[in-house]
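This is what each chain is made of:
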Amino acid sequence: MTQIPEDHVLEPTTLTASAGAGDDSGSAVEGGLLEVRGVRRAFGAVVALDDVNLTIRDNEFFALLGPSGCGKTTLLRAIAGFEVIDSGEILLGGEDLHSSPPERRPVNLMFQSYALFPHMTVAKNIAYGLERERRPRAEVAERVATVMAAMQISELAKRRPSQLSGGQQQRVALARAIVKRPRLLLLDEPLSALDRQVRLEMRVELKRLQHEFGITFVMVTHDQEEALSMADRVAVMAAGRVQQLDTPVGLYRNPANLFVAGFVGASNLLVGVVRANTFDSEHFGSLPLPSNPKGVARGHLVLRPEDVRIVAPGEGHVQAVVSDVQFHGAATTVLATSSVPGAPMLVAMVTGLAQVTPGDRVGLHWDTGLVVEDALA
Amino acid sequence: MTQIPEDHVLEPTTLTASAGAGDDSGSAVEGGLLEVRGVRRAFGAVVALDDVNLTIRDNEFFALLGPSGCGKTTLLRAIAGFEVIDSGEILLGGEDLHSSPPERRPVNLMFQSYALFPHMTVAKNIAYGLERERRPRAEVAERVATVMAAMQISELAKRRPSQLSGGQQQRVALARAIVKRPRLLLLDEPLSALDRQVRLEMRVELKRLQHEFGITFVMVTHDQEEALSMADRVAVMAAGRVQQLDTPVGLYRNPANLFVAGFVGASNLLVGVVRANTFDSEHFGSLPLPSNPKGVARGHLVLRPEDVRIVAPGEGHVQAVVSDVQFHGAATTVLATSSVPGAPMLVAMVTGLAQVTPGDRVGLHWDTGLVVEDALA
Amino acid sequence: GSSGEDGPTALDPDADLSKQSIVVSNYESYMPEDLPARFSAASGAQVEVAYHASNEEIVAKATAGDSGIDVAFINGVYAQALAAQGLLEPIDPRLVPNLANLYPEANTLPYDPGNKISVPYAWGTTGLCYRSDLTGYDPDSWLDLLEPRPEISGKTTMVSTERWLLLPALKSLGFSNSTQDEDELNQAKEVLLRTKPTLLAYDDATFFQRLVSGEASLVQAYDGWCNYGITDNPDIKYVVPKEGTDLWVDVMVIMKTSENKEAAHAFINYVLDPEIHSWVTENILYKSPNKAAMDMISPELIEQYPNIGTTVEELFEQEPLVDVGDAGPLYTRIALEVSAAD
Amino acid sequence: MPAQKAHWQSRSRRRARAGLLGPGLLLMAVLSIAPLVLVIAYAFMTRGRFGGVVPGFSLDSWARVLEPIYLGVLWNSIVVATITTLLALAIGFPVAFVISRLPPQWRMVALVAVVLPFWTNFLIRTYAWVVLLNDVGPMNKGLAELGVISEPLGLLYSEPAVIIGLLYSYLPLMILPIYASLSSSEREIAEAASDLGARPWRVFRDVYIPLSVPGIILGGIFVFVPSIGNFVIPDLMGGGKSVLLGNVIRDQYLTARDWPFGSVLILVMLAILVALFAAQAVASRRLTGKLTR
Amino acid sequence: MPAQKAHWQSRSRRRARAGLLGPGLLLMAVLSIAPLVLVIAYAFMTRGRFGGVVPGFSLDSWARVLEPIYLGVLWNSIVVATITTLLALAIGFPVAFVISRLPPQWRMVALVAVVLPFWTNFLIRTYAWVVLLNDVGPMNKGLAELGVISEPLGLLYSEPAVIIGLLYSYLPLMILPIYASLSSSEREIAEAASDLGARPWRVFRDVYIPLSVPGIILGGIFVFVPSIGNFVIPDLMGGGKSVLLGNVIRDQYLTARDWPFGSVLILVMLAILVALFAAQAVASRRLTGKLTR
Ligand SMILES: Nc1ncnc2c1ncn2[C@@H]1O[C@H](COP(=O)(O)OP(=O)(O)OP(=O)(O)O)[C@@H](O)[C@H]1O
Ligand SMILES: Nc1ncnc2c1ncn2[C@@H]1O[C@H](COP(=O)(O)OP(=O)(O)OP(=O)(O)O)[C@@H](O)[C@H]1O
Ligand SMILES: [Mg+2]
Ligand SMILES: [Mg+2]
């Protein structure tokens, strides 16, 4: 049996800090490089953006998370100037972008579909933006060579996009956007077609750009681990609205609502009623309620899998039978089913290999947990 | 300080089983559904596939892993019949596919670029393959509706591909491929544009298809966790060749060479010389050599981050200073630098939040580790 | 091939025309629209009408093989060329009794003496057609066209079809209009090259409209087409230059390939009927070589269009056109050199 | 959105666009509208006896259009042009398809070979056909000598001959646009269809044809429109026996010199073409769907 | 790869293809080759006195081509056709571009409006220009009455008039293919260029123009080829004062009745067109790169 050490609890400082950061989410803060205020965009009956408000700070690494189709691409396109917004405004450095065309905005967008120039070589594609700035030839050549080396595509310089693999195309698109070193760089899933190895190196490169040139990043990603590990702050979107804007830790440890809790990190979400010091779970009876800082009255109890420990049968808050053990390399996920009819499967995560096998009877115990609102923002 | 429990060691059985499974990798095994033998494909000077050998068993979930540009897409396209191979043969159920055109092969490919029909609605796109089989209208309608529900794209039925977000397009492409329930389903990064939530649901759906209809899957993915958790066996490719074909655990715990060790899972790779019972590290001196089953003479020592424990300064095999702490939600990565000039940074992974901060002096200890060959296959 | 001595096909004077049908090819508006229908009604033969835009078209079709045409209306010079290749059916005078209605002179034309392979349909001259109110004087010489007075410079047109393009220059130099002499033709070319900058345009088909609109003051014209201009503007006049001009004749011919030659002859004979041919003349405003028909023309018409009143004697003062044979390419080349010149 | 602030797509951008595109568009407008206005004006005037028009409003010419003879010609012209267009499509599509699938270095060669015959002078080309096809020409002679036929085929001077002539003249105008649209459509989409079980013929029907609809429409216009207005080929190859609208219009202007009626005929033809074109556009939109992006 | 086993792309697939494409391709071959063979044969024969050809090998006609008069006409024709093509491109590209950027429901309307003038009968259209532009026509009269001009402009009967006439006739053949290629090119690629700092003019130059090269080439062929061979417009609008190659060829066949020389001229024209086309293809390949997939 893997014993998760007892000292693995949240440091109070971390929790407080993140909770505080969580509050400035929607409302504009002075000193923001980019402010998105009440932006709305509909395609016929489909509302892609619905009153979006965000402030992105200077030199920040900002991540946009959200389910497929929630409006992330539309938002980036609006910021870059390719989507005419129905209402609202977008300010960069305090100035309304409304009347500046895309080529005048100090903003670059890496398109989700890459949008490489099919008639130019890889090197030409990358050099294009610098040539538009009328940089000296030598500087262009040098910067292009540097970025191609960083993206590990130097040998592809003379090929055309149609002669590249998917991941190679993505790196060309990324190189083309970052070589410009704009004030604000918008990346629409820049690393989704890359393997972990290259991806990690790309992340390092992006971080380096952030620090070396003071570039502000807005990155859309479906990789939560990427968002949480790279970003200074993260906005979680759903159905065209920002659900929560917070630091990674704040988001994870203090989700604003059920959607965010479920979306960021795996969770066990238990239905039930909040009482004074307990949570009356629909399936597991009265459970201890470790914290309820926001005083939520109706909601779900959120239990992170890594907070759930596997203990001996008969011990812990809930009794269950292991139904599956999934090995992920560094960690193993244990799925356990209780005998209560209709009860949700509970997930626990242990480091390394698990010492249980399907069919084992176990107890599940936790010390941390949070109650969140059900409603979307 | 986080204490990784002592009992977190490899079970000998696991190791042996995987090592055994690892041996049938290249050579053909009777009973294979698909056999790829000595396949080569070059685009001009670029050799995309270079003597590829694989056997995929019936009803297996097979994953293809490999760095960007290593030839995964080319291999799938060759199996589906879209790439004329320069040499070698591809057999399905023992029969050479050489003379059967793509539409006669009981194989479906989900294209990395989706290749949706731009002139058809989502529903029409998905129904297309069934209509080609001359299924009754009612059956087509029912199966299309079912798969759209599973892919969560039912409301998009009447839209055209150009009116969809990236992730929505990907799910349509996936639906179009799986609705056919072929004997062999080739998926080229089917889930890369999806958020974790949906992705997990899709994985469950794919697994269900595997079991319910006996479909054999070959899936290209860059998400190692996905490959390791879903696949029965995994092939790791590099530079147009299969480096290792093994079960996930075998791959992770018993990598065939340095490339596989570095590619599958994060690793600390130490340069040095193998002695009788020790490993003379270039930077860290003589270290214990826990196992060397293959009797590798020259190679690297592979240490998995989760095998590296953070202990009190002065203890453990190596002394270092914490340089970065990265929070990933369920786990935290600790980067530590030793004072030896030129020594690589060492990575340890702990569950939950780490109890160290950058600047802390720590000792690093491990009990498991493996020596691997440097050369590629 | 140019043997052409196949001899006449045996024709049956009593053939049942109602079983025959023919195709007649003519320029549009060069015969009354209901002429074919009236012939059909009178003879019982079926008639279809085809139109051609130029003599060359008929020649090209006939030279290519079976043209599908039975009777064609064509310039005499081109008929001569076709006959030389044996592409025309000799006219059987027994089947065309109305030949007797022709002026005797119409039997002596040099392209086909004795009307063996063709029957004259209309004839006339090429001259100057002008707006007397715009020119301010009455021109009478080809030099009025070739070296125009300054006030009408840039307001004159010439015909571009090669035989008629060269005609004014050849005549003003005193040469034959059908000369095959290279030196004479080159002299004519020099004249034309000098004239070119003074021209408004070369125009084969719409010159009378230019006169009516006032765009041009003086044009080279066929007499009948000048009459079209006179209809719209009485100030328009026609004159044959004093250096002389051509006598052109448009004829009816029967193609060797015709399968209903009796009906074809009957059609030609029908046209030569005095009543019909005078009706035709009044309709197309071109003189006909049919004495009996011309005698029936009303004096009012001649008053309005004086050139219709031209007598046969006056007409025969002009030099009839004949085919130039091997000099043809030279004519084409000179025409090209003139029109391609800057 | 504050009303006083210009959106970037509005003023400055429009001005830049106007600078770039303005001159061309202006010229286009002049070229398009001027002659059309003239034709419309003529249509309501009276004919001069030997051509031209006499000022004075008149609707006489419009009434004549409904005479059976003109309606007959109109109908005949539409039938002939339609057959020509369909045949051109039937021949042109396969040719364009095959060329678009050739290795890149061969495509240009093949295209030139296809367009070559079209580059010969229109009249000459047509005469070449007359020479080839007439009853005593090499074709009939050859077939007769081989004993294939005993009677000449009578290929010339018939409606089929007109269609062959038109087809021959305008085929490249069908092939080239289809080629252009086929060669720009993505290969992977066709691969997806055959992956899903479509036999070559279905891939053709379901992918190549819909995706080349823009080229087919273009080619259709390029063939249909000049076919209906052609007057030389009916004269030469039809032996003048089959009259198309183009002949009637030409004759009205040039020989009958009835400009008002000629103008009316032109306008009627334009109206029909616009109607046909609109119908085709609607149909093809059904076929390919609104490719709105 | 065992040699005896057929690859799926070989036999059966080829047979299926042959069934699908064969009839069209065969017809095409007949249509293409037959007249060309005839023309080539004529080029080596001797002229018949009254037209046609006399069998017997001769190279006489070939020598004549090099005479200065024909070289002059040839050069003039190339210049006129080139100017026409460039002007058509200058006008046609902006028009096609604007149409391709319109909302989808307006595009068809705009296209029809553009093609409309082209649909009027070729002769009539040309006469309309003559009527409009002549020295006593409405244009000159109007300008004179407004006091803009005191002398007529002399717009007609000159080389520029020929170019205007050709331009007017063939403009739609430039616009439609460019439109087709522009409307199929992806909007996001242009967006990427402007995102990277390209002003509208650069986006034009760097994206729209290269991506519409197939359309431009097609349009160029459609305009250049008929321009060089046209013989009616030089007669009508040029007042017969300048000639193009088309006139010379027509005259050789119809008036000089020198078919061999006419055939030689046709072949020379074809050779020049092929050479020009090949040069253009090479140049445009440089421009757009080998779009090999
Ligand atoms: N048409 C082509 N011309 C030249 N090289 C090509 C062509 N198509 C593919 N390649 C090269 O072949 C190699 C294999 O390509 P493939 O698409 O199979 O890679 P992949 O493993 O699918 O990569 P990714 O994960 O990035 O999609 C790559 O290096 C690619 O650049
Ligand atoms: N042209 C269009 N017509 C109709 N709906 C559209 C159109 N473009 C986008 N949408 C819809 O707008 C919504 C937002 O799209 P968007 O591309 O911004 O999503 P996204 O968050 O980027 O998703 P993904 O992660 O899948 O890329 C989606 O529901 C999409 O279907
Ligand atoms: Mg998106
Ligand atoms: Mg790939």
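Coordinates for the structure precede this section.
Scope of this entry: the structure provided in the associated data block. (Residues numbered from 1 in each chain as written. Chains lettered and ligands numbered in written order. Predicted model: local features only at pLDDT ≥ 70, side-chain atom pairs only at ≥ 80, totals over all residues. Heavy atoms only, no water.)

1. A word on the overall build of chain C
- For chain C, the count of helices and strands is 15 helices and twelve strands.
- By the compact-globule yardstick of 20 Å for 342 residues, chain C fits well, its C-alpha radius of gyration being 20 Å.
- Taken over the C-alpha atoms alone, chain C extends approximately 65 × 45 × 30 Å along its principal axes.
- In chain C, buried positions account for 62% of the 342 residues.
- Partitioning the contacts of chain C with sequence separation of at least 6, the portion at a separation of at least 24 is 76%.
- Carbon together with sulfur atoms contributes 48% to the accessible area of chain C, which is approximately 12000 Å² in total. (Helix = DSSP H or I, 4+ residues; strand = E, 2+ residues; numbered from the N terminus. Rg over C-alpha atoms; globule rule 2.2 N^0.38 Å. Buried < 20%, exposed > 50% of the residue type's maximum accessible area, 1.4 Å probe, protein only. Contact = heavy atoms within 4.5 Å. Areas by Shrake-Rupley, 256 points an atom, 1.4 Å probe, with all protein chains shown as cover.)

2. Some words on the interface of chain E and chain C
- Residue-level contacts link 29 residues of chain E with 30 residues of chain C.
- Between chain E and chain C, a total of about 2500 Å² is buried, with carbon and sulfur atoms accounting for 61% of that surface.
- The interface formed by chain E and chain C includes one salt bridge.
- Where Arg333 of chain C meets Glu67 of chain E, a salt bridge forms, and the shortest distance between an N and an O atom there is 2.2 Å.
- In this assembly, chain E and chain C are joined by seven residue pairs in polar contact (both at pLDDT 80 or more).
- Elements supplying a minimum of two residues to the side of chain E that touches chain C: helix H3 (68-101), helix H5 (122-133) and helix H12 (245-254) of chain E.
- When residues in the side of chain E that touches chain C are grouped by element, the largest group, four residues, is from H12 of chain E.
- A class-by-class count of the residues in the side of chain E that touches chain C yields 13 nonpolar, eight polar and eight charged. (Buried area = accessible area lost by both parts, 1.4 Å probe. Salt bridge = Lys/Arg side-chain N within 4 Å of Asp/Glu carboxyl O. Polar contact = N/O pair within 3.5 Å; in protein donor to acceptor, adjacent residues only side chain to side chain. Nonpolar A, V, L, I, M, F, W, Y, C, P; charged D, E, K, R; others polar.)

3. Digging into the packing of aromatic side chains
All names here are of chain C.
- Applying the stated rule across the entire model yields 42 aromatic pairs over all chains.
- A centroid spacing of 5.5 Å and a plane angle of 85 degrees characterise the contact between Tyr30 and Tyr286, whose relative ring orientation is edge-to-face. Taken together, the residues Tyr30 in the loop between strand E1 (21-26) and helix H1 (35-43) and Tyr286 in the loop between helix H11 (274-284) and helix H12 (291-294) connect sequence positions 256 residues apart. Each member of the pair, Tyr30 as well as Tyr286, is classed as buried. (Phe/Tyr/Trp six-rings, centres within 6.5 Å; stacked < 30°, edge-to-face > 60°.)

4. A word on the coordination of the magnesium ion (ligand 4)
All names here are of chain B.
- Those protein atoms acting as donors to the magnesium ion (ligand 4) are Thr73 (OG1) and Gln112 (OE1), and they sit at 1.9 to 2.2 Å. Placement of Thr73 in helix H2 (residues 72-80) and of Gln112 in the loop between strand E6 (107-110) and helix H3 (122-132) is noted, with a sequence separation of 39 residues between them.
- When its relative accessible area of 21% is taken as the criterion, Gln112 is described as partly exposed. (Donors = N, O, S within 2.8 Å, 3.2 Å for Na, K, Ca; no water.)

5. Things to note about the nonpolar core
- Core analysis: the largest hydrophobic core is formed by 365 residues, its most contacted members being Leu54 of chain A, Leu54 of chain B together with Tyr121 of chain C.
- Once residues within four sequence positions are removed from consideration, Tyr121 of chain C is found in contact with Tyr30, Met31, Phe73, Asp250, Val251, Met252, Val271, His277, Val280, Ile284, Ser288 and Pro289 of chain C.
- Counting residues in each nonpolar core, the second largest holds 52 residues, with Phe327 of chain A together with Leu209, Phe263 and Val264 of chain B among its members. (Core = buried A, V, L, I, M, F, W, Y, C linked by side-chain atoms within 4.5 Å.)

6. Section: the state of the cysteines
Residues and elements named next belong to chain C.
- Counting across every chain of the model gives one disulfide over all chains.
- A sulfur-sulfur distance of 2.0 Å marks the disulfide that ties Cys129 to Cys226. When the S-S torsion is 85 degrees, as for the bridge of Cys129 with Cys226, the disulfide is right-handed. Residue Cys129 is found in strand E6 (residues 126-131), and its partner Cys226 is found in helix H9 (residues 223-232); the two are separated by 97 residues along the sequence.
- Judged by its relative accessible area of 0%, Cys129 falls in the buried class.
- The buried category is assigned to Cys226, whose relative accessible area is 0%. (Disulfide = S-S within 2.5 Å.)

7. What to know about the sheet that holds strand E1 (residues 32-43) of chain A
Residue and element names in this part refer to chain A.
- Spatially, the four strands line up as an open sheet ordered E2-E1-E4-E5, and their pairing is antiparallel. Sheet topology places strand E2 (46-57) and strand E5 (95-96) at the edges, where each strand pairs with a single neighbour.
- Of the strand pairs in this sheet, E1 and E2 are connected by eight bridges, and their pairing is antiparallel. Within E2, the position partnered with Ala42 by the bridge is Val47. (Pairing = 2+ DSSP bridges.)

8. Let's talk about the packing of H3 of chain E against helix H7 (residues 159-184) of chain E
Residue and element names in this part refer to chain E.
- Contact geometry for H3 and H7: axes closest at 6 Å, N-to-C directions at 40 degrees. As summarised for this structure, H3 and H7 are arranged oblique, according to the angle between their axes. The handedness of the crossing between H3 and H7 is right-handed.
- Along the lines of polarity and charge, the residues of the contact of H3 with H7 split into 21 nonpolar, six polar and two charged. (Axes fitted to C-alpha atoms, helices over the stretch in contact; angles between N-to-C directions. Parallel < 35°, antiparallel > 145°, perpendicular 65-115°, else oblique. Left-handed = near helix turned anticlockwise from the far one by under 90°.)

9. Observations regarding the packing of helix H3 (residues 122-132) of chain A against helix H4 (residues 137-151) of chain A
Residue and element names in this part refer to chain A.
- Here H3 crosses H4 at 125 degrees, and the two axes come no closer than 10 Å. By the criterion of interaxial angle, the relationship of H3 to H4 is oblique. Every pair of crossing elements has a handedness; the one defined by H3 and H4 is right-handed. Facing H3, whose interface residues are Val122, Ala123, Ile126, Ala127, Leu130 and Glu131, H4 presents Val140, Arg143, Val144, Val147 and Met148.
- Its residues assigned to classes, the contact of H3 with H4 shows nine nonpolar, no polar and two charged.

10. Quick word on the site of ligand 2
- The environment of ligand 2 is made up of 19 residues, and the closest members are Thr73 and Thr74 of chain A together with Arg159, Ser165 and Gly167 of chain B.
- Residues within reach of ligand 2 are spread across chains A and B.
- The side chain of Gln112 of chain A places a nitrogen or oxygen atom 2.9 Å from an oxygen atom of ligand 2.
- Between Gly167 of chain B and ligand 2, the recorded distance is 2.6 Å, taken from a backbone N or O atom to an oxygen atom.
- Those elements giving two or more residues to the shell around ligand 2 turn out to be E2 and helix H2 (72-80) of chain A together with helix H5 (166-178) of chain B.
- When grouped by side-chain class, the residues that make up the shell around ligand 2 number four nonpolar, twelve polar and three charged. (Near = heavy atom within 4 Å.)

11. Concerning unusual backbone geometry
- Phi is positive for Arg134 of chain A, which is not a glycine, with a value near 55 degrees.
- Summarising the element assignment, Arg134 of chain A is placed in the loop between H3 and H4.
- Residue classification places Arg134 of chain A among the exposed residues on the basis of a relative accessible area of 75%.
- Not every positive phi belongs to a glycine, and Gln152 of chain B is a case in point at roughly 60 degrees.
- For Gln152 of chain B, the position within the fold is in the loop between helix H4 (137-150) and H5.
- Judged by relative accessible area, which is 33%, Gln152 of chain B ranks as partly exposed.

12. A look at the site of ligand 1
- Lining the immediate environment of ligand 1, one finds 19 residues, of which Arg159, Ser165 and Gly167 of chain A together with Thr73 and Thr74 of chain B sit closest.
- The residues that come close to ligand 1 belong to more than one chain, namely chains A and B.
- Contacts to ligand 1 include Gly167 of chain A, whose backbone N or O atom sits 2.6 Å from an oxygen atom.
- In isolation ligand 1 has 630 Å² of accessible area, and contact with the protein removes 90% of it.
- At the level of elements, helix H5 (166-178) of chain A together with strand E2 (46-57) and H2 of chain B are the ones that each hand at least two residues to the shell around ligand 1.

13. Here's the deal with the sheet that holds strand E20 (residues 370-372) of chain A
Residue and element names in this part refer to chain A.
- If you walk across this open sheet you meet the five strands as E13-E12-E11-E14-E20, and the pairing is antiparallel. Each edge of the sheet is formed by a strand with only one pairing partner; in this case those strands are strand E13 (285-288) and E20. Each strand axis lies, on average, 45 degrees off the axis of its neighbour in the sheet, ignoring direction.

14. Description of the pattern of salt bridges
- Following the criterion strictly, the structure yields 73 salt bridges over all chains and no others.
- Arg203 of chain B is paired through a salt bridge with Asp223 of chain B; the nearest N and O atoms lie 3.8 Å apart. Here Asp223 of chain B lies in the loop between strand E8 (216-220) and helix H7 (224-230) and Arg203 of chain B lies in helix H6 (residues 196-213), a separation of 20 residues in the sequence.
- With a closest N to O distance of 3.1 Å, Asp206 of chain D and Arg202 of chain D form a salt bridge. Of this pair, Asp206 of chain D and Arg202 of chain D both sit in helix H9 (residues 200-211), four residues apart, roughly one helical turn.

15. Topic: the pairing of strand E14 (residues 298-303) of chain A
Residues and elements named next belong to chain A.
- Judged by how many residues are buried, E14 sits mostly within the fold: five of six residues are covered.
- Relative to E14, strand E11 (residues 268-274) runs antiparallel, the two being bridged by six bridges. Residue Leu270 lies in a different strand from E14, and its bridge partner there is Leu301.
- In this sheet, E20 lies alongside E14 in antiparallel orientation, the contact comprising three bridges. Residue Leu301 lies in a different strand from E20, and its bridge partner there is Val371.

16. Details of the side chain of Asp251 of chain E
- With respect to the secondary-structure elements, Asp251 of chain E resides in helix H12.
- A polar contact is formed between the side chain of Asp251 of chain E and the side chain of Arg250 of chain E, at a distance of 3.1 Å.
- Look past the residues within four positions of Asp251 of chain E in its chain and what remains in contact with it is Thr332 of chain C together with Ala256 and Arg257 of chain E.

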